[in-house]
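So you can see what is in the structure, the chains are spelled out below.
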Amino acid sequence: MSDTHAQTVPFVRDTMVEEQEPPLSQSGAYKWTRENLFSTPLNIILTVVSLFVIWLVLSHTLPWAVLGIWDADSLAQCREIRDEIYSPDASVACWAVIAERWNQLLFGFYPPELYWRPVLAFVLFLAAIAPVLFASVPRKALWFSAAAPFVLYWLLWGGSLWGPIAVAAGFALGAAVMRFATPALGALAGVLLAILVPLLYWFTLSAPLAGALNAVIPLELVDVRSNDMGGFMLAMIIGISGIALSLPLGIVLALGRQSDLFIINKCSVIFIEVIRGVPLIVWLFTASLLLNYFLPPGTNFDLMLRVIIMVTLFSSAYIAEVVRGGLAALPKGQYEAADALGLDYWKSMRLIILPQALKISIPGIVNTFIGLFKDTTLVVFIGLLDPIGLSNAIRASTDWNGIYWELFVFIGLCFFIFCFSMGRYSLFLEKKLRREHR
């Protein structure tokens, strides 16, 4: 065999050839540029036109932004400094308005000596939402996430700490009622009681209980009125509250719309269709002007709370339809598999159906959240000073009358940071939950 092999094979390599770099045309930036920018004559023309448009835009905006003036007390002084340094015809930004009014754009009329409270609340919010967004965070941290809303409310509005504690006790009461009433009365009756009992407690006993506890053990900070809140902090409070509250409510409405129970199904359908069929600005005016006519005389219902409720209801109707689309996209076999395992309705939804439906609905849910966060600027029409409203107030002053782009660029950048972060997290979550190619 060896003789035959030696006669038929003239040479057998006993060492590997060293690796070589691929040709320049098949790797690196040259390959990417050739394939993506200059692959066809049409692509070449479009690339050249696009580069020209980009250069045209940047050649005007970059000098305006980079050469801007940061140290001035008014728009007139900005123009004087511009005339001295550049020329009367130079186009430069007057960033001094941001340097002087940034705290107002961010915090509204919140007391300056108490800025530490919203800053600390924001830090605690990030710490509280981390266990919800990232599975790598220890699950025990979810207890802090559950307590965070009450702590954040106390930090932002002040007042007695017993108020948030009394409200939190209502949720504990609802959980206890559901745990002990469900085995005896059934799942549906247990859920209804778990909703009705806390509502009755909040409307009748929570406020007197908090007042009595505060009289015995005072735990009180300086009160801050909702009218003092404004700027981007106001947009964050309304947006985050609406997002956190509308998701569970939207899921419940989606399940209610698919329910076989006639009353629950029709109530869910009517709620969703009525809320979606009316613009958000109409609901905000309803919260601002008309809601007081349906309340008992002398009732003091905070305007910001009314706005949060209306924004939550409006967003939940859209979330319900997004989740319903995810439920409809699941194969019927998933429902049959849950029945075959002997799971009841709530366990099948919690363990099998909803996790898959929510994974399918992630893009639509995040898109609704981004739209909700941007729509918080509509509160300017009912008298709340969001960033847009404060920019109008700043431009109305004699010092900054006539300034436009600098304020809107700053406000747009703040909204972009939050909306872009939500979009990137959505992509991260979609890639993490993707299973079809593993």
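Before reading on, note that the structure itself is shown above.
Let us look at the structure shown here.

A separate point is the packing of helix α6 (residues 116–133) against helix α7 (residues 142–157). Two measures define how a pair of helices packs: the angle their axes make with one another and the distance between the axes. It is at 9 Å that the axes of α6 and α7 come closest, and there the two elements cross at 165°. Between α6 and α7, the crossing angle belongs to the class labelled roughly antiparallel. Judged by the twist between their axes, the crossing of α6 over α7 is left-handed. Facing α6, whose interface residues are Trp116, Arg117, Pro118, Leu120, Ala121, Leu124, Phe125, Ala127, Ala128, Pro131 and Val132, α7 presents Leu142, Phe144, Ser145, Ala148, Val151, Leu152, Trp154, Leu155, Leu156 and Trp157. For the contact of α6 with α7, a count of residues per class yields 19 nonpolar, 1 polar and 1 charged.

Reported here for the second largest pocket is a volume of approximately 250 Å³. Looking at the second largest pocket, it is lined by 15 residues, and the ones nearest its centre are Leu75, Arg79, Val92, Cys94 and Glu406. Breaking the lining of the second largest pocket down by element, the ones donating at least two residues are α4 (75–85) and α17 (405–433). Broken down by element, the lining of the second largest pocket gets its largest block of residues, 4 residues, from α4. Looking at the lining of the second largest pocket, its residues break down into 10 nonpolar, 2 polar and 3 charged.

Let's shift gears to the state of the cysteines. A covalent bond bridging the sulfur atoms of two cysteines is what the word disulfide describes. Evaluated as defined, the whole model comprises 1 disulfide. With a sulfur-sulfur separation of 2.0 Å, Cys78 is cross-linked through a disulfide to Cys94. The S-S bond linking Cys78 to Cys94 shows a torsion near 75°; that makes this disulfide right-handed. With a gap of 16 residues between them, Cys78 in helix α4 and Cys94 in the loop between α4 and α5 (96–107) connect regions that are remote in the sequence. Taken as a pair, Cys78 and Cys94 share a single burial class, namely buried.

Rules and cut-offs
- Residues numbered from 1 in each chain as written.
- Predicted model: local features only at pLDDT ≥ 70, side-chain atom pairs only at ≥ 80, totals over all residues.
- Heavy atoms only, no water.
- Axes fitted to C-alpha atoms, helices over the stretch in contact; angles between N-to-C directions.
- Helix = DSSP H or I, 4+ residues; strand = E, 2+ residues; numbered from the N terminus.
- Parallel < 35°, antiparallel > 145°, perpendicular 65-115°, else oblique.
- Left-handed = near helix turned anticlockwise from the far one by under 90°.
- Contact = heavy atoms within 4.5 Å.
- Nonpolar A, V, L, I, M, F, W, Y, C, P; charged D, E, K, R; others polar.
- 1 Å grid on protein atoms, 1.4 Å probe; cavity = no way out; pocket = protein on both sides within 12 Å on 5 of 7 lines; lining within 4 Å.
- Points joined across faces, edges and corners; volume = space filled by probe spheres on them.
- Disulfide = S-S within 2.5 Å.
- Buried < 20%, exposed > 50% of the residue type's maximum accessible area, 1.4 Å probe, protein only.

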